[in-house]
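Residue strings, one per chain:
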Amino acid sequence: QVQLVESGGRMVQAGDSLRLSCVASGRTFGSYTKAWFRQAPGKEREFVAALRWPTDSTNYADSVKGRFTISIDNARNTVYLQMNSLKPEDTAVYYCAARPSTIATLQSRATYLYWGQGTQVTVSS
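Residues numbered from 1 in each chain as written. Predicted model: local features only at pLDDT ≥ 70, side-chain atom pairs only at ≥ 80, totals over all residues. Heavy atoms only, no water.

J.: Break down the pairing of strand S3 (residues 18–25) for me, with residues and values.
T.: Examined bridge by bridge, strand S1 (residues 3–7) and S3 share five bridges and lie antiparallel to one another. Residue pairing across strands places Gln3 opposite Ser25, the latter belonging to S3. Strand direction decides the pairing type here: S3 and strand S8 (residues 78–83), joined by six bridges, are antiparallel. When the bridges of S8 are listed, Val23 appears paired with Thr78. (Pairing = 2+ DSSP bridges. Helix = DSSP H or I, 4+ residues; strand = E, 2+ residues; numbered from the N terminus.)

J.: Describe in detail the sheet that holds S8, supporting the description with residues and values.
T.: The strand order across the open sheet built from four strands is S1-S3-S8-S7, with neighbouring strands paired in antiparallel fashion. Among the strands making up the open sheet, the edge pair consists of S1 and strand S7 (68–73). Averaged over all pairs of adjacent strands, the angle between strand axes in this sheet comes to 20 degrees, irrespective of strand direction. (Axes fitted to C-alpha atoms, helices over the stretch in contact; angles between N-to-C directions.)

J.: Give me the lowdown on the nonpolar core, citing residues and values where you can.
T.: Trp36, Leu81, Met83 and Tyr94 are the most contacted members of the largest nonpolar core, which has 36 residues in total. Looking at this core, the elements that each hand over two or more residues are S3, strand S4 (33–39), strand S5 (46–51), S7, S8, strand S9 (92–99) and strand S11 (119–124). Contact partners of Met83, with chain neighbours within four places excluded, come to Asp16, Ser17, Leu18, Leu20, Arg67, Phe68, Tyr94 and Val121. (Core = buried A, V, L, I, M, F, W, Y, C linked by side-chain atoms within 4.5 Å. Buried < 20%, exposed > 50% of the residue type's maximum accessible area, 1.4 Å probe, protein only. Contact = heavy atoms within 4.5 Å.)

Honestly, that's just the spatial picture; any functional story needs more than this.
Shown next as structure tokens:
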């Protein structure tokens, strides 16, 4: 069993930077693939970034590539999403997620078993 708690979301101006954190509990979390998704009002939850275990390879949505970075502090069981050059279209509730190792695409929402409750990010123009 894994529990995930996101934090760090707030209102910022376009062009600003923000770092989201996801603290995990559970003995198996270290061997899980980690990811971030987001959901804007009236839209489906969409993939943002992922970090695959055990290779630590990363994958990003085209809309955030070059601006966002996913990373992990294993000692603290914490996953981060560093967001730079934020745009109004980045406004959404951001969720962290985790899943056991699988060959499924990293962007498949249905393959993630554990989810946080989300943190709101609002980017004003």
